[in-house]
Amino acid sequence: MTTRTQTLVGWHVEMEFREDGDRTRAVGLVRLGDGTEVRAHGTANRHPSDPDQLRVGEEIAGARALMDLASQLLQKAHVEIDEVSGRHSHPIPR
């Protein structure tokens, strides 16, 4: 028996970063197959005694934005489940 994999849809995720002194801000955006756009934010703050490593701030702020994005997508999915099923699903708390 062979299993065939089919791609149903692709998501496009964009991340933008802004540096402001010791703070890095990230904004994430995902465009879903139904045309919905979900935006998320994350920040990282460099301690004054830490070395100036732009990449590390981007990674932390970006990871936090992606976690926010994941949480919003879970919430969205549960709302859609509830609308179709008439039941109350239990999303993971934010």
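Data block above holds the structure.
So, here is what we can say about the structure in this document. All residue numbers refer to position in the chain's written sequence, counted from 1. Local features are withheld for residues below a pLDDT of 70 in this predicted model, meaning they are given only at 70 or higher, and side-chain atom pairs are given and counted only at 80 or more; totals for whole chains, interfaces and linings count all residues. Note: side-chain values were computed over all heavy atoms of the structure, leaving out hydrogens and water.

**Some details on the pattern of salt bridges**
This is how it is decided: Just to be clear on terms, a salt bridge is a Lys or Arg side-chain nitrogen sitting within 4 Å of an Asp or Glu carboxyl oxygen. For the purposes of this entry, the term helix denotes a DSSP run of H or I that reaches at least four residues, the term strand denotes a run of E that reaches at least two, and both are numbered from the N terminus. Each residue gets one of three labels from its accessible area relative to the maximum for its type: buried under 20%, exposed over 50%, partly exposed in between, using a 1.4 Å probe on protein chains only.
For the structure on display, the rule yields 6 salt bridges. Glu-14 is the partner of Arg-31 in a salt bridge, and the nearest nitrogen-oxygen pair spans 2.5 Å. Taken together, the residues Arg-31 in strand 2 (residues 23-31) and Glu-14 in strand 1 (residues 12-20) connect sequence positions 17 residues apart. Among the residues examined, Arg-31 registers a relative accessible area of 32% and is labelled partly exposed. For Glu-14, a relative accessible area of 35% gives the class partly exposed. With its nearest N and O atoms 3.1 Å apart, the salt bridge here joins Glu-59 to Arg-55. In this pair, Glu-59 and Arg-55 both sit in helix 1 (residues 54-85), 4 residues apart, roughly one turn of the helix.

**Re the sheet that holds strand 2**
The condition is simple: Only strands joined by at least two bridges in the DSSP assignment are considered to pair. A fitted line through C-alpha atoms serves as each axis, taken over the contacting stretch for helices, and the angle formed by two N-to-C directions is quoted from 0 to 180°. Any two residues having at least one pair of non-hydrogen atoms within 4.5 Å are treated as being in contact.
Pairing is antiparallel in the open sheet, where 3 strands are placed in the order 1-2-3. The sheet terminates laterally at strand 1 and strand 3 (37-45), the two strands that pair on one side only. Each adjacent strand pair in this sheet contributes to an overall mean axis angle of 15°, direction not counted. Where strand 1 lies against strand 2, 9 bridges are found, and the strand directions are antiparallel. Paired with Glu-14 across the two strands is Leu-29, which belongs to strand 2. On the sheet, helix 1 packs against strand 1, strand 2 and strand 3 and is oriented at approximately 140° with respect to strand 3.

**What about the nonpolar core?**
Counted only if it meets this: Throughout this description, the term nonpolar core refers to a set of buried Ala, Val, Leu, Ile, Met, Phe, Trp, Tyr and Cys residues connected via side-chain atoms within 4.5 Å.
With 6 residues, the main nonpolar core is built from Val-30, Leu-32, Val-38, Ala-40, Leu-69 and Leu-73. Contributions of two or more residues to this core are made by strand 3 and helix 1. Those residues in contact with Leu-32 that sit more than four places away from it in its chain are Trp-11, Val-38, Leu-73 and Lys-76.

**Examining the pairing of strand 2**
Linking two consecutive strands that pair antiparallel, namely strand 1 and strand 2, is a turn of 2 residues; a positive phi of about 65° is found at Gly-21 within it. Where strand 2 folds back onto strand 3 in an antiparallel hairpin, the turn is made up of 5 residues, including Gly-35, whose phi is positive at roughly 90°.

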